[in-house]
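Structural overview for review
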Amino acid sequence: MTTRPTLVTGATGFVGSHLLDLLADDAPVVAWYRPGGRPPDATRPIDWQAVDLVDADGVRAAIEDATPSRIFHLAGESAVDRSYRSVVPHLRANALGTHYLLEAVRHATWPCRVLVVTSAQVYQIGDDPIDESAPLIPRTPYGFSKLAQDQLALRAATEDGLDVVVARPFNHIGPRQQPGFAVSSFARQIARIEAGLEPAVLRVGNLDARRDVTDVRDVVEAYHVLMAGAPVGRPYNICSGRAWRMGDLLEELVQLARVRVELEVDADRLRPSDIPVVQGDASRLRTEFGWAPRIPVEQTLADTLDWWRDEVRSGR
């Protein structure tokens, strides 16, 4: 009997690449990437397919061709700051793309479990750690697009009877993250300064913001756990439960630097709506499945800086 494959959408992205590492022993894997976007890693023994998630007919045909037993749906727009300038593309990718994917699964003639990755940005942010019962009142265009995605997924489970689970990750960081995100930007700048490619000045945004951050490798472990055993239609937060001051994360990176650097606030790096503190509560995931982050933030930062050193050394 042929084993039906695992499908990963957004497979060439930051999180997707780490999930593929985790699934290396779970062959076969079908990996979707955006046509014209980041090219796939041809060295991986994976069935790569260029699929446009906002092409309903193309999505349905690709699902019928792959006949997956499970889908990790990671694809979408992920930049909070850019969402203020591109509201419609965020809604198309995050909401409409998810709708077409779930519609294709609804028409499938075989069972298929889907993990839809939304975001902690769907919540109303308050002073207390945020659990899954917090009000769903986002503050950014990105958050609204993820809330639409989140509710489409839950509706598919409760009204259409699909085998859908929802993950709501908080900030995650680590190697391979693009420099549009704060920690990766810090690490890239340090690597370029060390290589003599930039003056010894780090351009930064708001360093007093506090964010709950988790290593991306721990996050994909949580996705794997939820795919294996989470009840249908039940959302789960994925987070460390600790809100780190961005300035403290930067200080740790500066301590790892091989040269002295100065800091300079860059107005272009300040967001229109920067929430002072975002802290999550992953008690549900910890209690029901025993998941907890394993990788200390110091290791995450060191690995991220080392990855950027390799990238800069390679001319990227």
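Preceding this paragraph is the structure being described.
Let me begin by describing the structure that accompanies this report.

Reading the values: the criteria
Residues numbered from 1 in each chain as written. Predicted model: local features only at pLDDT ≥ 70, side-chain atom pairs only at ≥ 80, totals over all residues. Heavy atoms only, no water. Core = buried A, V, L, I, M, F, W, Y, C linked by side-chain atoms within 4.5 Å. Buried < 20%, exposed > 50% of the residue type's maximum accessible area, 1.4 Å probe, protein only. Helix = DSSP H or I, 4+ residues; strand = E, 2+ residues; numbered from the N terminus. Contact = heavy atoms within 4.5 Å. Pairing = 2+ DSSP bridges. Axes fitted to C-alpha atoms, helices over the stretch in contact; angles between N-to-C directions. Expected span 1.5 Å × (residues − 1). Parallel < 35°, antiparallel > 145°, perpendicular 65-115°, else oblique. Polar contact = N/O pair within 3.5 Å; in protein donor to acceptor, adjacent residues only side chain to side chain. Left-handed = near helix turned anticlockwise from the far one by under 90°. Nonpolar A, V, L, I, M, F, W, Y, C, P; charged D, E, K, R; others polar. Salt bridge = Lys/Arg side-chain N within 4 Å of Asp/Glu carboxyl O. Phe/Tyr/Trp six-rings, centres within 6.5 Å; stacked < 30°, edge-to-face > 60°. Lys NZ or Arg CZ within 6 Å of the ring centre and 35° of its normal.

Among the nonpolar cores identified, the biggest contains 42 residues, and Val-8, Phe-72, Leu-115, Tyr-223, Leu-226 and Ile-238 are the most heavily contacted of them. At the level of elements, α1 (14-22), β2 (29-33), β5 (113-117), β6 (163-169), α7 (216-229) and β10 (235-238) are the ones that each hand at least two residues to this core. When residues in this core are grouped by element, the largest group, seven residues, is from α7. Not counting chain neighbours up to four residues away, the residues in contact with Tyr-223 comprise Val-15, Phe-72, Leu-74, Leu-115, Val-117, Ala-167, Pro-169 and Ile-238.

The sheet built from seven strands is open, its strands ordered β3-β2-β1-β4-β5-β6-β10 with parallel pairing. The two strands at the open ends of the sheet, each matched to only one other strand, are β3 (47-50) and β10. The sheet shows a mean angle of 20° between the axes of neighbouring strands, taken without regard to direction. Across four bridges, β2 lies against β3 in parallel orientation. Bridge assignment links Tyr-33 to a residue of β3, and that residue is Ala-50. Of the strands in this sheet, β4 (70-73), β5, β6 and β10 touch α7, which is tilted by about 145° from β5.

Attention now goes to helix α10 (residues 297-313). The end-to-end C-alpha distance of α10 is 24 Å, a good match for the 24 Å that 17 residues give at a rise of 1.5 Å each. Burial in α10 covers these residues: Val-297, Thr-300, Leu-301, Asp-303, Thr-304, Leu-305, Trp-307, Trp-308, Arg-309, Glu-311 and Val-312. Looking at the buried side of α10, the elements it contacts are β7 (171-173), α6 (182-194), β9 (210-215), α7, β11 (243-245) and α8 (246-256).

Following both chains from N to C, one finds helix α4 (residues 87-106) and helix α5 (residues 141-158) inclined at 10°, their axes separated by 8 Å at the closest point. Classified by the interaxial angle, the pair formed by α4 and α5 is roughly parallel. Every residue of α5 that contacts α4 at Val-87, His-90, Leu-91, Asn-94, Ala-95, Thr-98, His-99 and Leu-102 is listed here: Pro-141, Tyr-142, Ser-145, Lys-146, Ala-148, Gln-149, Leu-152, Ala-153 and Ala-156.

Among the secondary structure elements, Thr-12 is positioned in the loop between β1 (6-9) and α1. Here Thr-12 falls in the buried class, since its relative accessible area comes to 15%.

With respect to the helices, strands and loops of the structure, Arg-211 is situated in strand β9. Separated by 2.7 Å, the side chain of Arg-211 and the backbone oxygen of Ile-275 make a polar contact.

With that out of the way, let us pick up the packing of helix α2 (residues 56-66) against α4. Packing of α2 against α4 brings their axes to within 9 Å, and their N-to-C directions diverge by 40°. On the basis of the axis angle, α2 is oblique to α4. Taken as a pair, α2 and α4 cross one another with a handedness that is right-handed. For the pair formed by α2 and α4, the contact residues are Ala-56, Val-59, Arg-60 and Ile-63 on the first element and Tyr-100, Leu-101 and Ala-104 on the second. Across the contact of α2 with α4, the residue classes tally to six nonpolar, no polar and one charged.

What follows deals with the pattern of salt bridges. Counted under the stated rule, the structure contains 25 salt bridges. A salt bridge links Arg-176 to Asp-21; the shortest N-O distance between them is 2.9 Å. Of this pair, Arg-176 sits in the loop between β7 and α6 while Asp-21 is found in helix α1, placing the two residues 155 residues apart along the sequence. Residue classification places Arg-176 among the partly exposed residues on the basis of a relative accessible area of 26%. On the accessibility criterion, Asp-21 (35% relative accessible area) is partly exposed. Where Arg-294 meets Asp-218, a salt bridge forms, and the shortest distance between an N and an O atom there is 3.9 Å. Of the two residues, Arg-294 sits in the loop between α9 (283-289) and α10 while Asp-218 sits in helix α7, which places them 76 residues apart along the sequence. Asp-218 gets classed as buried once you look at its relative accessible area, which sits at 1%.

A regular strand places its side chains so that they alternate between the two faces of the sheet. By the criterion of burial, β9 is predominantly enclosed, with five of the six residues buried. By the bridge criterion, three bridges tie β9 to β11 in an arrangement that is antiparallel. Counterpart to Asp-212 in the pairing with β11 is Ala-243. In this sheet, strand β13 (residues 277-278) lies alongside β9 in parallel orientation, the contact comprising two bridges. Note on β13: the bridge partner recorded for Arg-211 is Val-278.

Attention shifts here to the packing of aromatic side chains. What the rule picks out here adds up to four aromatic pairs. On the basis of an interplanar angle of 70° and a centroid distance of 6.2 Å, the ring pair of Tyr-33 and Trp-48 is categorised as edge-to-face. Of this pair, Tyr-33 sits in strand β2 while Trp-48 sits in strand β3, and the two are 15 residues apart along the sequence. On the numbers, 6.5 Å between centres and 25° between planes, the contact of Tyr-123 with Phe-170 is stacked. Pair noted here: Tyr-123 is in the loop between β5 and α5 and Phe-170 is in the loop between β6 and β7, with a separation of 47 residues, a long-range link. For Arg-242, the ring lying beneath its charged end belongs to Trp-244, and the centroid distance is 3.6 Å.

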